[in-house]
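One-letter residues, chain by chain:
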Amino acid sequence: MPRIVVVDKRSDVFQLYETLRRNREKRTHTRLFFLEGVHPVEQAVAAGERFQSIAYASDRRLSGWAQDMLRRSQPEVLHPMPAALLAELSDRDNPCELVCILHQRTDGEKRLRAAADSTPNPLLILCDRPSSPGNLGTIIRSADAFGACGVLVCGHSADFYDPQCIRASIGTLFHVPFLALGSTEEAVRFLRSLPCAPQLVGTSAHGTMALHEAQLNRPTALLVGNETFGLSRAWKEACDLLLRIPIYGAASSLNVGCATSICLYEIARQRDFDGHR
């Protein structure tokens, strides 16, 4: 049974929720993260994530959904607090009934290797220095939709546990293995060490081959660049293929989340993907 610790003012407990929501350094230091929203909470529960604590309104009746989530999530601590105080922890117009703190995963590499090993034709996505947590979440959502084994980032990048990333992923973050690596060299070593070493396929507005012309029905790591600067020179040199998406219009390129989704669909199409039948 979880401990119950009532919060009736902006105490240290309240400040922990608030700080984890907005401060990456605090998330990194404590290995905790902030979570709210119906779909993200449901997905975290379904994935067996570890809930450190859950806050809820003590002066309002909880819905059947909220009661079910409290039971199934098995948090270590419950924090009943006034509804007005709970609302301060949310950046949503209609706050969720539950505001949560969870433990971060530390088994990213193990999960990613296991996912890649379990399929004869793995597909991975590597994001080079992504700066937008929203775009990163969109990429994770598309990775889940089109059967990718996992998502990697390298260099200084957005935080997987940023609330914007989790929201954009609609909770698929909890089902797709992910891993942050420090440098191009480290990421290349990791990809080359996989049993089915994937071809490295980069994306660029100046790619030497159109997306649909490439053979993508073999083990593949799709590399997507920074929103402003694209792929680094080091990654372009490491690529086996450098592809472009043919487009009309005045813009020279697409938003990285849109471009990644298009590439993933083409890869899935070449692999006779049929989605939910």
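S.K.: For the pairing of strand S11 (residues 220–224), give the residues involved together with the corresponding values.
M.R.: Counting buried positions over the five residues of S11 gives five, a clear majority of the element. Judged from the five bridges that link them, strand S6 (residues 123–128) and S11 form a sheet pairing that is parallel. Paired with Leu126 across the two strands is Leu223, which belongs to S11. Where strand S9 (residues 199–203) meets S11, four bridges bridge the pair, whose relative direction is parallel. Bridging across to S11, Val201 finds its partner in Leu222.

S.K.: Could you give me a rundown of the packing of helix H7 (residues 133–145) against helix H11 (residues 256–270), with the residues and numbers involved?
M.R.: Where H7 meets H11, the closest approach of the two axes is 9 Å, and the angle between their N-to-C directions is 15°. Between H7 and H11, the interaxial angle falls into the category roughly parallel. Viewed along their axes, H7 and H11 form a crossing whose handedness is right-handed. Seen from H7, the contacting residues are Asn135, Thr138, Ile139, Ser142 and Ala143; seen from H11, they are Val256, Gly257, Thr260, Ser261 and Leu264. Looking at the contact of H7 with H11, its residues break down into four nonpolar, six polar and no charged.

S.K.: Just give me the short version of a nonpolar patch on the surface, but keep the residues and values in it.
M.R.: Taken together, the side chains of Ile247, Leu254 and Ile262 make up a nonpolar region of the molecular surface, amounting to roughly 210 Å² of accessible area. Here Leu254 is to be found in the loop between strand S12 (241–244) and H11.

S.K.: I'd like a rundown of the pattern of salt bridges, residues and numbers included.
M.R.: A complete count under the given rule lists 16 salt bridges for this structure. The salt bridge partner of Arg92 is Glu36, with a shortest N-O separation of 3.7 Å. Of this pair, Arg92 sits in the loop between helix H5 (83–88) and strand S5 (98–103) while Glu36 sits in strand S2 (residues 32–36), placing them 56 residues apart in sequence. Taking relative accessible area as the criterion, Arg92 reaches 27% and is therefore assigned partly exposed. For the salt bridge of Arg269 with Glu266, the shortest nitrogen-to-oxygen distance reads 2.7 Å. Remark: Glu266 and Arg269 occur in helix H11; sequence separation between them is three residues, near one turn of the helix. One network of salt bridges, with partners in common, ties together Glu18, Arg21 and Arg22.

Cut-off values and rules
- All chains use their own residue numbering, which begins from 1 and follows the written sequence.
- The predicted nature of this model means local features are confined to residues of pLDDT at least 70 and side-chain atom pairs, given and counted, to a pLDDT of 80 or more, with totals for whole chains, interfaces and linings taken over all residues.
- Each side-chain value is worked out from all heavy atoms of the structure, with water and hydrogens disregarded.
- Three exposure classes are used, based on accessible area relative to the maximum for each residue type with a 1.4 Å probe and protein chains only: buried under 20%, partly exposed in between, and exposed over 50%.
- The helix count covers DSSP runs of H or I at least four residues long, the strand count covers runs of E at least two residues long, and both are numbered beginning at the N terminus.
- Two strands qualify as a pair provided DSSP detects at least 2 bridges between them.
- Axis definition: a line fit to C-alpha positions, over the contact stretch in the case of helices; interaxial angles, taken between N-to-C directions, run 0 to 180 degrees.
- Angular relationships are summarised with four words: roughly parallel below 35 degrees, roughly antiparallel beyond 145, roughly perpendicular across 65 to 115, and oblique for the angles in between.
- In a left-handed crossing the near helix is turned counterclockwise from the far helix by less than a right angle, and in a right-handed crossing that turn is clockwise.
- Contact definition: two residues touch when any of their heavy atoms are within 4.5 Å.
- Lys, Arg, Asp and Glu make up the charged group, whereas Ala, Val, Leu, Ile, Met, Phe, Trp, Tyr, Cys and Pro make up the nonpolar group; the residues left over, Gly among them, are polar.
- Exposure above 30% relative accessible area and the absence of a salt bridge qualify a residue for a patch, where like charges join within 9 Å and nonpolar side chains (Val, Leu, Ile, Met, Phe, Trp, Tyr) within 5 Å.
- Method for areas: the Shrake-Rupley scheme with a 1.4 Å probe, in which residue coverage is limited to the protein chains shown.
- Here, a salt bridge means any side-chain nitrogen of Lys or Arg that lies within 4 Å of a carboxyl oxygen of Asp or Glu.

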